[in-house]
Each structure stands twice: as C-alpha cells, then as structure tokens.
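# Report on the structure
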Number of protein chains: 2
Amino acid sequence: MELRDIAKRIEEKQGIPVSVRDVARVISAVLTSSDIWRIVDMAGIPVLATCEALRALEEAGWVTFQNDRVLLTANGKEAAARLGIHPVEELRCPRCHGRGLELWPFQDLAHEFHELAKDRPEASQEFDQGYVTEETTVARIALLHARGDLAGKEMLVLGDDDLVSLAAALTRLPKRVVALDVDRRIVEFLRTAAKKKNLNLEVLQHDLREPLPEELLRRFDTFVCDPTESFRGYLAFAHRGISALRGPGGAGYLGLTRLEASLHKWRRIQLALLEAGAVITDLFPNFHEYVNWPYIETMRAWPHLPVKRVPGKFEPWYRSALIRIELVEEGKVENVRYSGDIFTDEEAATT
Amino acid sequence: MELRDIAKRIEEKQGIPVSVRDVARVISAVLTSSDIWRIVDMAGIPVLATCEALRALEEAGWVTFQNDRVLLTANGKEAAARLGIHPVEELRCPRCHGRGLELWPFQDLAHEFHELAKDRPEASQEFDQGYVTEETTVARIALLHARGDLAGKEMLVLGDDDLVSLAAALTRLPKRVVALDVDRRIVEFLRTAAKKKNLNLEVLQHDLREPLPEELLRRFDTFVCDPTESFRGYLAFAHRGISALRGPGGAGYLGLTRLEASLHKWRRIQLALLEAGAVITDLFPNFHEYVNWPYIETMRAWPHLPVKRVPGKFEPWYRSALIRIELVEEGKVENVRYSGDIFTDEEAATT
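Residues numbered from 1 in each chain as written. Chains lettered and ligands numbered in written order. Predicted model: local features only at pLDDT ≥ 70, side-chain atom pairs only at ≥ 80, totals over all residues. Heavy atoms only, no water.

### Regarding the overall build of chain A
Let me state the cut-off plainly: Secondary structure elements follow DSSP: runs of H or I of four or more residues count as helices, runs of E of two or more count as strands, with numbering from the N terminus. With C-alpha atoms as the basis for the radius of gyration, the globule rule is written as 2.2 Å multiplied by the number of residues raised to the power 0.38. Only protein chains enter the accessibility calculation, which uses a 1.4 Å probe; a residue is then buried when its area is under 20% of its type maximum, exposed when over 50%, and partly exposed in between. All accessibility values rest on the Shrake-Rupley procedure with a 1.4 Å probe; residue burial counts only the protein chains present in the view.
In terms of helices and strands, chain A carries 11 helices and 9 strands. A compact globule built from 351 residues would reach a C-alpha radius of gyration of about 20 Å, and chain A, at 21 Å, matches this within 12%. With the C-alpha coordinates aligned to their principal axes, the bounding extent of chain A is approximately 60 × 40 × 35 Å. In chain A, buried positions account for 62% of the 351 residues. Of the roughly 13000 Å² that chain A leaves accessible, carbon and sulfur atoms contribute 48%.

This is the structure in structure tokens:
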C-alpha cells in the first residue's frame, strides 16, 4: 500500500489532482482527530478527495469507521510512524484566531453589526450561498482598514450574503459603498438596514454572470468578492471586481478555499490574477470561518462522506483563505457575459 | 501639485515604478508619525522612493523637516484632507504581533535559542547580511511546524545569518537539517553550536551564486531562504531552493520586503515562482522584523534620507513578508552559475 496509489485513485475516480503529500495530510488529520469535520478541515484538500482517501485508507486497513468516528488502526498508526507522518499542530493565536489583527477598536461595530445581522436571510443553495461568521466579517473590515482600503475609499462588494457592505458602511469611514447581489432577499435586507441606520450604502440586484453596468466600471478603489470556486466561475467574479477598479493602486479582496479548490487550481487562479495586472500582497489561510448552512445534507459532498454527522451551526469546519491583490498595471480583463453553469467542477463540494 | 507628478519624478530620478497610491502611502505615514524610520516602515514602498517622495513633498510645501523630524505643514494637512488620505492603522494583534501564531509551545526553544544566539556573528555588509529578531526566527519555526514542514522532514536553509537551521535542529523534530552559507563565520558558529548541543545539523560553506552540489538536488521536503532582492538575485536564490525539493508537495519559505522591492517587482517574482511549478499558499506581510545592522550609515539609502538618525539596534523599521510556496508540479528550474553583481538594482537600499 503506497500513498501514491491512493493519490492516483483519487485522480482517476474524482478527477481531482492530488499529491502524495495531500494523502499524507489526510493521515495527519486522522492522527489528530476522529471527527469527520475536523478531519476535512485539517486535511485542507478538496472534500471529495478527503472522502475518497478515507475510503481507500479503510480498504487498506489503516483506517476504520465506528459510528460517526474515523479511527486509525494499529496498522495505520504503524504506517504513519514509518512514513514520518505527524499530527497537525495548528498553533493559532488564541487572541486573533490566526488572523494577526486586533479587533478591539471595532467592538462597537461588532455589536451594532450583530444586532442588525440577527434578521439576515438564511443561506440558500440556489445561489451557492454560505456566509462567514460575524467575527470574520468584522476582521475583514479591520484588514481593509489596516491596508488603507476603507477610509475615504469607494468600495464595491460583489455578492454580499456576508453583509460586508453593511459592516463597511456602519464604520462611516468609506466615501462610498456599493453592493451587488442576485438574491432579492439580500438586496432588500441591505436596503432596509441602510435606511434604518441612514447609511451611505447603495444596493443593486445584479447577476454577476452579466457584465457589470457601465456606470460601475473603473469607478472604485476597493472590491470585495467571495467567488464561486470553479476555475471559470472564480475568474468571472474576480474579473468583474478588477474591471470595477480605477486602475493601479486599486485593491481586491477574494476568498479561496482548499476544500473546493486543489492547489493545482490555486496556481491557475493565481497565474490568471497576475496576468490580469495584479500582484498578491497578502494571503492569510483560514481567515474566513463559515456558519454552517442549512443544506448540508443536500450538498454535493454529502453522499461521499464515509461517516455522516450534521455539524452544529457554529461548529466551524469550512474555512477559506483571504487573498488581497493590488493592481500594478491597468487591469487586463474583459467585461463579458458568462453563460451555462459556472458554479460546478470536479472539486465542488457544497453546490 | 499632483501626486502623479511626484510618482513620475520618482520613476524618472530613481528608476523605481511607483503609483499615485504609493505617494499617498508616504503621506499617510507622515500623518501617523514624524519619525523617519516609522515613516519608511509604514509607507511600505522602496526606501529610495520614500526619500524622493519626501523631498518632492517638501519642495511642494506639504512637508517640512525639523532636526530629525518629518512634519506635515498646514498646506500638507489640507491637501491630505482634500485627497481623502488617512493615517495608517496597523491593527496588529498584540499577542502574536500580527503573525497569527501561538508561540507558547516554543517557549523552551526561545530560551535555548536565545542563549546560543548571544555569541552570533554580527551582520556583515560584505554578504548583504542583516538578521531577523530571535522572536521572528522562532515564529518561522512555528509556521513551518503548523504547515507540516518541520516534524519528520528534511530541510535545507540557503543562507543562514538568521540561524533558522539552528532553531529547527533544536526542536529535534526534523529528520535532517542542512544549512548553506558563504560566510565562514556563520558556518563555524553553526557547527560549534551543533556540536555543543549534539544536534542533527550539517553545515556547508557554499556561495549561492554557484550551482548546488549534486548531492543536495531533489533531496529535501522544505527549504528556507531569505533572498537578496534584485529580481535576478531573488530568482537565483529561489531556484536553488526549488531545485533542492524532491518534487510536488515540497515547500519553500521566502522573505520579501516592500522596502527594496516595489509591487511591480513582487509581481514579476510571483509570476516566476508560479512558472517554476509552485503555488503561493501563504503570504504574511511584516512577518519578519530585523535587528538593525551596524552598517546603517554606509548602506546605499543613507545619503538619500532627507533627515538622518541612527536607529537603535532593537527599534524595528525593516520588515519583510513571509511567502510560503508549494510545488504542485515538478520544479522547472535550472541549476546554473550566476556571475556578476546579482545583489543590486535601482530599488536596493541596504547593500
């Protein structure tokens, strides 16, 4: 039994590029926890690849499933020791949860945002939604502020079930905040909150597969966007954001998971961002923590899980990195229409 | 007086690509501190570009120099307000200093490392040296461990005035640690410490302009490297590291400043790293803090500073980002000899 055979099996069965090291990551995760969601989280490879790896490891007698637990067998433990595979040590700072940011100055914002967000629309599978924790949204605002992308700036939020535009406008620091969303519930929610709090926040209903309205092109200093993670879909969303920037010095904030995007796909995405005229200035893994969505049991990955347990709403397992880009040249993107399914590929798990 | 004129002047006089936003960054920094080193640090653009910007701002009557202080004039303040330029808010977590890592489990390592590092060789301008704080070295070890690049792994350190190889070996976690350095003082120091502590640490004297010895090629899981920052020099060092990796899943840790590398250069470097078969998995700005080196007054940037003050040894102003890359394909690099000066370009400040 070789790790390389498991990697090959995953590539063949799931069409997901996986390295020998990725298989070792799954074993490291099982060395650290017997809980399926912690394993998925710590393995940090596409969910479907973790599921396939666990099944292969079970067939090899290295792993066993007991009720909803995943356990390493004596053979598995011996193999891990022989291969020099160690448990995961996350070493996340307990104060900032690994983001490196001090949120104390945003305490009032956190309270105000919490009050408003109580009545937010629930995540909908129809629109590939799934929102981050309130703390994550506040941390994003803090990072924007620390990078000089908030105060006095004009910002555009492309798809906003995370309510970033609301939190940004609540700080009263930006010059202008515009949010786009395809979901009428989000649009109405943001508009109602903006009216109630008298916020400088414009909200437009817009399907991001459609070109950006002319009046939004080259008008912003900052964009924020949490793209769908098929390669084509990711670039579609990122290019919309870039086309909204005024030019060099404009900044974009994008989420990207390891759970629906292999490092192969990450590389292709990074190349495309650089080729569009941007540079990566920050990349914080596990910056975003998600609140579990109500459609866990109908998501694509569910039938693949070797053991099944519905996680609690605030039991984080789905995280994503935050990538900040900045244009150093004029953005090289086209504002075209995208048709067909831009949401799904082999690595998709939650759609 | 337009920011774009200042940007153009810097490009023409110093040959450094600078955006209007970069000039605004210098003004933001002056809004926040009157100390030249804090301004250089917070502006986050090449030191020589900050110096040139300050001179231009003084000529425009926006900035004035008093003794060793840099102050915004009434005109300058009015202009900042008009242009919507705000002070810098660093929002660095006070526990982890913005790195997001918990160092508590490495307390013993920190003490042991501190005792050994007391007698380290002082930074030498001849070899473009300048070492990071002890805390930074420990934090690097923590990040390697958190990413699974330390325990049970074979690691190579290319150039080691930071003594990363020593700290790594002290954890007793890696399978093998090899350090290369051109400076005989560093080689001797590491060897003596290794012997004293009975560490699994091999040290070779090697000039990184020369090809890697055959027996180090494709032999390692992890490399650590703090390259010189001319574009050619950076790639030379990075390619050496990549050529030492076994293949896909191998990881590299590289430093990169904003003070000697413009975002233009960052983008070219990132493109080259991706083209070599790697992906960027982490990018933490300001991860590394440097101890001030004894040759401040003979470094290239010194005569350019509009006001002069020798900073204290432990008064950090020179920081750099930490970039983690991982190979997703076989590394596409050549192990060739580099001749001539690979250390200097227009953006160099400390050589």
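Right, picking up where we left off after that structure.
### What about the environment of B:Ile85?
All names here are of chain B. For clarity, the cut-off: Any two residues whose heavy atoms approach within 4.5 Å are treated as being in contact.
Tracing the backbone through its elements, the reader meets Ile 85 in the loop between helix H5 (74–83) and helix H6 (107–117). Once the C-alpha coordinates of Ile 85 and Arg 95 are considered, the two residues, 10 residues apart in sequence, prove to be 29 Å apart. If we ignore the near neighbours within four places in the chain, the residues touching Ile 85 are Leu 3, Ala 24, Ile 27, Ser 28, Leu 31 and Ala 80.

### With respect to the nonpolar core
Put simply, the rule reads: The set of buried Ala, Val, Leu, Ile, Met, Phe, Trp, Tyr and Cys residues whose side-chain atoms join them within 4.5 Å is what this entry labels a nonpolar core.
Core analysis: the biggest nonpolar cluster contains 82 residues, and A:Met155, A:Leu166, A:Leu201, B:Met155, B:Leu166 and B:Leu201 have the highest contact counts within it. Residues in contact with B:Leu166, not counting those within four places in the same chain, are B:Phe113, B:Leu116, B:Asp160, B:Phe189, B:Leu190, B:Ala193, B:Leu199 and B:Leu201. Counting residues in each nonpolar core, the second largest holds 78 residues, with A:Leu208, A:Cys225, A:Ile323 and B:Ala278 among its members.

### Some thoughts on the packing of helix H10 (residues 231–244) of chain A against helix H11 (residues 263–275) of chain A
Residue and element names in this part refer to chain A. Counted only if it meets this: What counts as an axis is a line fitted to C-alpha atoms, over the stretch in contact for a helix, and the angles between N-to-C directions run from 0 to 180 degrees. Roughly parallel refers to an angle under 35 degrees, roughly antiparallel to one over 145, roughly perpendicular to one between 65 and 115, and oblique to any angle outside these ranges. Handedness of a crossing is defined here by the sense of rotation of the near helix relative to the far one, left-handed for an anticlockwise turn of less than a right angle and right-handed for a clockwise turn. For this classification, Asp, Glu, Lys and Arg are treated as charged, while Ala, Val, Leu, Ile, Met, Phe, Trp, Tyr, Cys and Pro are nonpolar and the rest, including Gly, are polar.
At a closest axis distance of 11 Å, the pairing of H10 and H11 adopts a crossing angle of 25 degrees. With respect to their mutual orientation, H10 and H11 come out roughly parallel. Relative to H11, H10 is oriented so that their crossing is right-handed. Within the contact between the two elements, H10 uses Phe 231, Tyr 234, Leu 235, Ala 238 and Ile 242 and H11 uses Lys 265, Arg 268, Ile 269, Ala 272 and Leu 273. Each residue belonging to the contact of H10 with H11 can be placed in one class, and the counts come to 8 nonpolar, no polar and 2 charged.

### Things to note about the side chain of A:Ser243
Residues and elements named next belong to chain A. What counts, and what does not: Throughout this description, a polar contact denotes any pair of N or O atoms lying within 3.5 Å of each other; where both atoms belong to protein, one of them has to be capable of donating a hydrogen while the other can accept it, and for residues adjacent in sequence the pair is counted only when both atoms sit in side chains.
Relative to the assigned elements, Ser 243 resides in helix H10. Within the structure, the side chain of Ser 243 is placed 2.8 Å from the backbone oxygen of Arg 240, a separation counted as a polar contact. Setting aside residues up to four positions removed in sequence, Ser 243 forms contacts with Leu 212, Leu 217, Arg 218, Val 333 and Asn 335.

### Focus: the relation of the copies chain B and chain A
Counted only if it meets this: A least-squares fit on C-alpha atoms brings the copies together, and the residues used are those whose pLDDT is at least 70 in both copies.
Laying chain B over chain A is done by rotating through 180 degrees and shifting 0.0 Å along the axis; what remains is an RMSD of 0.0 Å. Such a combination of rotation and displacement between the chain copies is what one expects of a two-fold axis. A symmetric contact is evident, with 100% of the interface residues of chain B recurring at the interface of chain A.

### Concerning H11(A)
Residues and elements named next belong to chain A. To keep it simple, the criterion reads: The length a helix should cover is 1.5 Å for every residue beyond the first.
With 13 residues, H11 extends 18 Å between its outermost C-alpha atoms, agreeing within 8% with the 18 Å of an ideal straight helix rising 1.5 Å per residue. Within H11, 10 of the 13 residues are buried, leaving the element largely enclosed by the surrounding structure. For H11, the full list of buried residues reads Leu 263, Lys 265, Trp 266, Arg 267, Ile 269, Gln 270, Leu 271, Ala 272, Leu 273 and Leu 274.

### Describing the interface of chain B and chain A
Put simply, the test is: What gets called buried area is simply the loss in accessible area from a 1.4 Å probe that two parts show on being joined, summed for both. Here, a salt bridge means any Lys or Arg side-chain nitrogen found within 4 Å of an Asp or Glu carboxyl oxygen.
Taken together, the 53 residues of chain B in the interface contact 53 residues of chain A. Here chain B meets chain A over a buried area of about 4300 Å², counting both sides, of which 59% is carbon and sulfur. Of all residues in chain B, B:Arg21, B:Leu91 and B:Arg267 bury the most surface against chain A, accounting for 19% of the area lost on that side. Across the chain B-chain A interface, the total number found is 6 salt bridges. Of the charged contacts in the structure, one is a salt bridge between B:Arg25 and A:Glu326, with a shortest N-O distance of 2.6 Å. Where chain B meets chain A, there are 24 residue pairs in polar contact (both at pLDDT 80 or more). Grouping the amino acids of the side of chain B that touches chain A by side-chain chemistry returns 22 nonpolar, 12 polar and 19 charged.

### Observations regarding helix H4 (residues 47–59) of chain A
All names here are of chain A. Between its first and last C-alpha, H4 extends 19 Å over 13 residues, near the 18 Å set by a 1.5 Å rise per residue. Taken across its 13 residues, H4 has 10 buried, putting it largely inside the fold. Tucked inside the fold, the buried residues of H4 contact helix H1 (3–14), helix H2 (20–32), helix H3 (36–43), strand S1 (63–66) and strand S2 (69–72). Looking at the residues trailing H4, positive phi occurs at Gly 61, about 80 degrees.

### Some words on the pattern of salt bridges
Enumeration over the complete set of coordinates arrives at 78 salt bridges over all chains. A:Asp41 is the partner of A:Arg319 in a salt bridge, and the nearest nitrogen-oxygen pair spans 2.8 Å. With A:Arg319 in strand S9 (residues 319–327) and A:Asp41 in helix H3, this residue pair connects regions lying 278 residues apart in the sequence. A:Asp41 shares its class with A:Arg319; the two are buried. Two residues, A:Arg337 and A:Glu210, come together in a salt bridge whose shortest N-O distance is 2.8 Å. Taken together, the positions of A:Arg337 in the segment after S9 and A:Glu210 in the loop between strand S5 (201–205) and strand S6 (222–225) put the pair 127 residues apart, joining distant regions of the chain. If you follow the salt bridges from partner to partner, you end up with A:Arg21, A:Asp22, A:Arg25, B:Asp149, B:Arg324 and B:Glu326 in one network.

### Some words on the domain arrangement of chain A
All names here are of chain A. To be explicit about the condition: What marks off one domain from the next here is an automatic or database domain assignment.
Examined at the domain level, chain A breaks down into domain 1 (3–82) and domain 2 (104–327). Computed over C-alpha atoms only, the centres of domain 1 and domain 2 are separated by 31 Å. On the domain 2 side, the residues contacting the 23 residues of domain 1 number 23 residues. It is Trp 37, Asp 41 and Leu 48 that lose the most area in domain 1 upon contact with domain 2, and together they represent 34% of the buried surface on that side. Counting the contacts that link domain 1 with domain 2 gives 2 salt bridges. Joining domain 1 to domain 2, the criterion identifies 7 residue pairs in polar contact (both at pLDDT 80 or more). Secondary-structure elements contributing two or more residues to the side of domain 1 that touches domain 2 are H3, H4 and S2. Along the lines of polarity and charge, the residues of the side of domain 1 that touches domain 2 split into 13 nonpolar, 3 polar and 7 charged.

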